[in-house]
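Take a look at the letters that make up each chain.
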Amino acid sequence: AQSVTQLDSHVSVSEGTPVLLRCNYSSSYSPSLFWYVQHPNKGLQLLLKYTSAATLVKGINGFEAEFKKSETSFHLTKPSAHMSDAAEYFCVVSGSGGAGNMLTFGGGTRLMVKP
Amino acid sequence: DVKVTQSSRYLVKRTGEKVFLECVQDMDHENMFWYRQDPGLGLRLIYFSYDVKMKEKGDIPEGYSVSREKKERFSLILESASTNQTSMYLCASGREVRSYEQYFGPGTRLTVT
């Protein structure tokens, strides 16, 4: 079985300051990990992915995430927040379990960016 | 660009009504998925389909059924809507069943009164 825990349901930052969205996972397999972003009234979009290559993964819009196996973490960061980053972010683990266990989503973190 | 469209953005139905949610994708993907999204719970898989007329249960199939008569179209059916099915429903499509490369529609917000 696998699970994903996003440690903060809401994060608020000021524009121009760093962003940190925290994610911990558990998996019986070597996991693939992803971050998806959902802007208001839009579908989910893949932000970045880790699939057992480099542990530091760069995504779109200046985001990156680091896979730390020893800490079972996959935190999402960005050096400088922009107003357009305000959205909900989902950490996702892909397992090789049963048919109904393909993508497991965390509960989501809503990022608010203050001017 | 991959496009996944859902028939309605907002829907209000009464308890006991039969509800159809439609999803269409234009990328010739074999696999299609239905999720529901609830605050704090993320997305949970209801059903998926890996081919026409083929379907598999996801994590929370109770109270739902699906239909896939054509490759591009995947329907979610609530046989008798209940208030606990009030939620956001997201459809997705992709080439690989276990791939993270799923493309999502904008969602249908269903309210059952």
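Residues numbered from 1 in each chain as written. Chains lettered and ligands numbered in written order. Predicted model: local features only at pLDDT ≥ 70, side-chain atom pairs only at ≥ 80, totals over all residues. Heavy atoms only, no water.

1. Digging into the side chain of S49 of chain B
Phase 1 of the analysis: With respect to the helices, strands and loops of the structure, S49 of chain B is situated in strand β5 (residues 42-51).
Phase 2 of the analysis: The contact partners of S49 of chain B, leaving out residues within four places of it in the chain, are E30, N31, M32, M54, K55, R68 and F74 of chain B. (Helix = DSSP H or I, 4+ residues; strand = E, 2+ residues; numbered from the N terminus. Contact = heavy atoms within 4.5 Å.)

2. Concerning unusual backbone geometry
Phase 1 of the analysis: Although it is not a glycine, T72 of chain A adopts a positive phi angle of roughly 45°.
Phase 2 of the analysis: Checked against the element boundaries, T72 of chain A lands in the loop between β8 (64-68) and β9 (73-78).
Phase 3 of the analysis: Residue classification places T72 of chain A among the partly exposed positions, given a relative accessible area of 32%.
Phase 4 of the analysis: One non-glycine residue, K53 of chain B, adopts positive backbone phi at about 65°.
Phase 5 of the analysis: Inspection of the secondary structure assignment puts K53 of chain B in the loop between β5 and β6 (54-57). (Buried < 20%, exposed > 50% of the residue type's maximum accessible area, 1.4 Å probe, protein only.)

3. Brief notes about the confidence of the model for chain A
Phase 1 of the analysis: Chain-level pLDDT for chain A is 89 on average; 94% of the residues reach the 70-or-more range.
Phase 2 of the analysis: The element-level mean pLDDT for chain A is lowest in strand β11 (residues 103-105) of chain A, coming to 86, with strand β3 (residues 19-21) of chain A highest at 98. (pLDDT = per-residue confidence, 0-100.)

4. As for the sheet that holds strand β3 (residues 19-25) of chain B
Residue and element names in this part refer to chain B.
Phase 1 of the analysis: The strand order β1-β3-β8-β7 describes an open sheet built from four strands, whose pairing is antiparallel. Both outer strands of the open sheet, β1 (4-6) and β7 (65-70), are each paired with one neighbouring strand and no more. The mean angle between the axes of side-by-side strands here comes to 20°, regardless of whether they run parallel or antiparallel.
Phase 2 of the analysis: Note that β3 and strand β8 (residues 73-78) share six bridges and pair antiparallel. Following the sheet pairing, E22 is matched in β8 by S75. (Pairing = 2+ DSSP bridges. Axes fitted to C-alpha atoms, helices over the stretch in contact; angles between N-to-C directions.)

5. Things to note about the pattern of salt bridges
Side-chain pairs of opposite charge can arise whenever the charged atoms involved come near each other.
Phase 1 of the analysis: Overall, the coordinates contain eleven salt bridges over all chains when judged by the stated rule.
Phase 2 of the analysis: D85 of chain A serves as the salt-bridge partner of K78 of chain A, at 2.8 Å between the closest nitrogen and oxygen.
Phase 3 of the analysis: Residue classification places K78 of chain A among the buried residues on the basis of a relative accessible area of 11%.
Phase 4 of the analysis: With a relative accessible area of 3%, D85 of chain A lands in the buried category.
Phase 5 of the analysis: Across the salt bridge formed by E22 of chain B and R73 of chain B, the nearest N and O atoms sit 3.9 Å from each other. Within this pair, whereas E22 of chain B is found in strand β3, its partner R73 of chain B is found in strand β8, the two being separated by 51 residues in sequence.
Phase 6 of the analysis: Overall, the relative accessible area of 22% leaves E22 of chain B in the partly exposed class. (Salt bridge = Lys/Arg side-chain N within 4 Å of Asp/Glu carboxyl O.)

6. Examining the packing of aromatic side chains
Phase 1 of the analysis: One pass over the full model with this rule turns up 13 aromatic pairs over all chains.
Phase 2 of the analysis: Look at Y50 of chain A and F67 of chain A: their rings are 4.2 Å apart centre to centre, the planes differ by 15°, and that puts the pair in the stacked class. Separated by 17 residues along the polypeptide, Y50 of chain A in strand β6 (residues 44-50) and F67 of chain A in strand β8 bring together distant segments of the chain. Accessibility classification places Y50 of chain A together with F67 of chain A in one group, the buried group.
Phase 3 of the analysis: Ring centres 5.5 Å apart and planes at 45° place the aromatic pair F63 of chain A and Y89 of chain A in the tilted group. With F63 of chain A in the loop between β7 (56-58) and β8 and Y89 of chain A in strand β10 (residues 87-94), this pair connects stretches of sequence that are 26 residues apart. Summarising the burial analysis for this pair, F63 of chain A and Y89 of chain A share the class buried.
Phase 4 of the analysis: Each residue in the set Y36, F90 and F105 of chain A together with F33, Y35, F48 and F104 of chain B is aromatic and connected to the rest through ring pairs, giving one cluster. (Phe/Tyr/Trp six-rings, centres within 6.5 Å; stacked < 30°, edge-to-face > 60°.)

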